Amino acid sequence: IANLARKGGVMQTIEVDGVELPSSIFRSARINLVSKNLRDSHAILLAVSVRVNPALTSIVLWGNHISDTGIRGLARALEHNLTVTELVVSWNRFGAVAMDGIAQMLSRNVALRKLVMYGNGVRDAGAKVFAGSL
């Protein structure tokens, strides 16, 4: 369940599963949420931001706890996105299922120029899924 914090009638933060996210994720060009203890529910909220924020160009989610479900949802949102050029999802907790979603996204997305995803639980199976989907 999300809680909204307002100041002067303007939404400042969104609290989801005990983690506060800045409301600027819906209007900023860069989302930089490094080591914020984010999980799948947060990644799904960020996927909404990808779809509604035409200014968004960079998503940095390094060092969180996002698994296959969250990364796959974010990848689906990015499939037809024309503005995001950078996605950093290193040091999260995803594997082969997310790699399949990322590969599908890359086959459709023409804007993404930088993808950084080291330090996850991808292993050989995930690498094979990724390579086979490209």
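Residues numbered from 1 in each chain as written. Predicted model: local features only at pLDDT ≥ 70, side-chain atom pairs only at ≥ 80, totals over all residues. Heavy atoms only, no water.

Moving on, we get to the overall build of the chain. When you go through the chain residue by residue, the secondary structure sums to 4 helices and 7 strands. In the chain, the order of α-helices and β-strands from amino to carboxyl end is β-β-β-β-α-β-α-β-α-β-α. Taken over the C-alpha trace, the chain has a radius of gyration of 15 Å; the compact-globule value for 134 residues is 14 Å, and the two agree within 12%. Across its three principal directions, the C-alpha atoms of the chain cover 50 × 30 × 20 Å. Expressed as a percentage of the 134 residues in the chain, the buried residues total 45%. In the chain, the proportion of contacts linking residues at least 24 apart, taken out of those at least 6 apart, comes to 71%. Across the chain, the 15 positively charged side chains and the 9 negatively charged ones have centroids separated by 5 Å. (Helix = DSSP H or I, 4+ residues; strand = E, 2+ residues; numbered from the N terminus. Rg over C-alpha atoms; globule rule 2.2 N^0.38 Å. Buried < 20%, exposed > 50% of the residue type's maximum accessible area, 1.4 Å probe, protein only. Contact = heavy atoms within 4.5 Å. Lys, Arg positive; Asp, Glu negative; His and termini not counted. Charge placed at Lys NZ, Arg CZ, Asp CG, Glu CD.)

In the structure shown here, the tally under the stated rule is 1 aromatic pair. When the centroid spacing of 6.1 Å and the interplanar angle of 85° are considered together, the rings of Trp 91 and Tyr 118 count as edge-to-face. Within this pair, whereas Trp 91 is found in the loop between strand E6 (86–88) and helix H3 (96–108), its partner Tyr 118 is found in the loop between strand E7 (114–116) and helix H4 (123–133), the two being separated by 27 residues in sequence. Residue classification places Trp 91 among the partly exposed residues on the basis of a relative accessible area of 45%. By relative accessible area, which is 48% here, Tyr 118 ends up partly exposed. (Phe/Tyr/Trp six-rings, centres within 6.5 Å; stacked < 30°, edge-to-face > 60°.)

Given 3.6 residues per helical turn, the α-helix brings residues three or four places apart onto the same face. For helix H2 (residues 68–78), the buried fraction is high: 8 of the 11 residues fall into the buried class. Taken residue by residue, H2 has Gly 70, Ile 71, Arg 72, Gly 73, Leu 74, Ala 75, Ala 77 and Leu 78 as its buried positions.

Formed by 35 residues in total, the largest nonpolar core has its most connected members in Leu 61, Phe 94 and Ile 102. When sequence neighbours within four positions are dropped, the list of residues in contact with Phe 94 reads Ile 66, Ser 67, Asp 68, Ile 71, Val 89, Met 99, Ile 102, Met 117, Asn 120, Gly 121 and Val 122. (Core = buried A, V, L, I, M, F, W, Y, C linked by side-chain atoms within 4.5 Å.)

What follows covers the sheet that holds strand E5 (residues 58–60). Spatially, the 4 strands line up as an open sheet ordered E4-E5-E6-E7, and their pairing is parallel. At either end of the open sheet lies a strand with only one pairing partner, and these are strand E4 (30–32) and E7. For this sheet the average axis-to-axis angle between neighbouring strands, irrespective of direction, equals 5°. For E6 and E7, the ladder comprises 3 bridges, and the chain directions are parallel. Paired with Val 88 across the bridge in E7 is Val 116. (Pairing = 2+ DSSP bridges. Axes fitted to C-alpha atoms, helices over the stretch in contact; angles between N-to-C directions.)

The next thing to look at is the confidence of the model for the chain. Of all residues in the chain, 90% have pLDDT values of 70 or greater, and the mean over the chain is 88. Averaged over each element, pLDDT in the chain is lowest for strand E1 (residues 2–7) (57) and highest for E6 (98). (pLDDT = per-residue confidence, 0-100.)

Inspection of the secondary structure assignment puts Ala 127 in helix H4. With 39 residues separating them in the primary sequence, Ala 127 and Val 88 have C-alpha atoms 17 Å apart.

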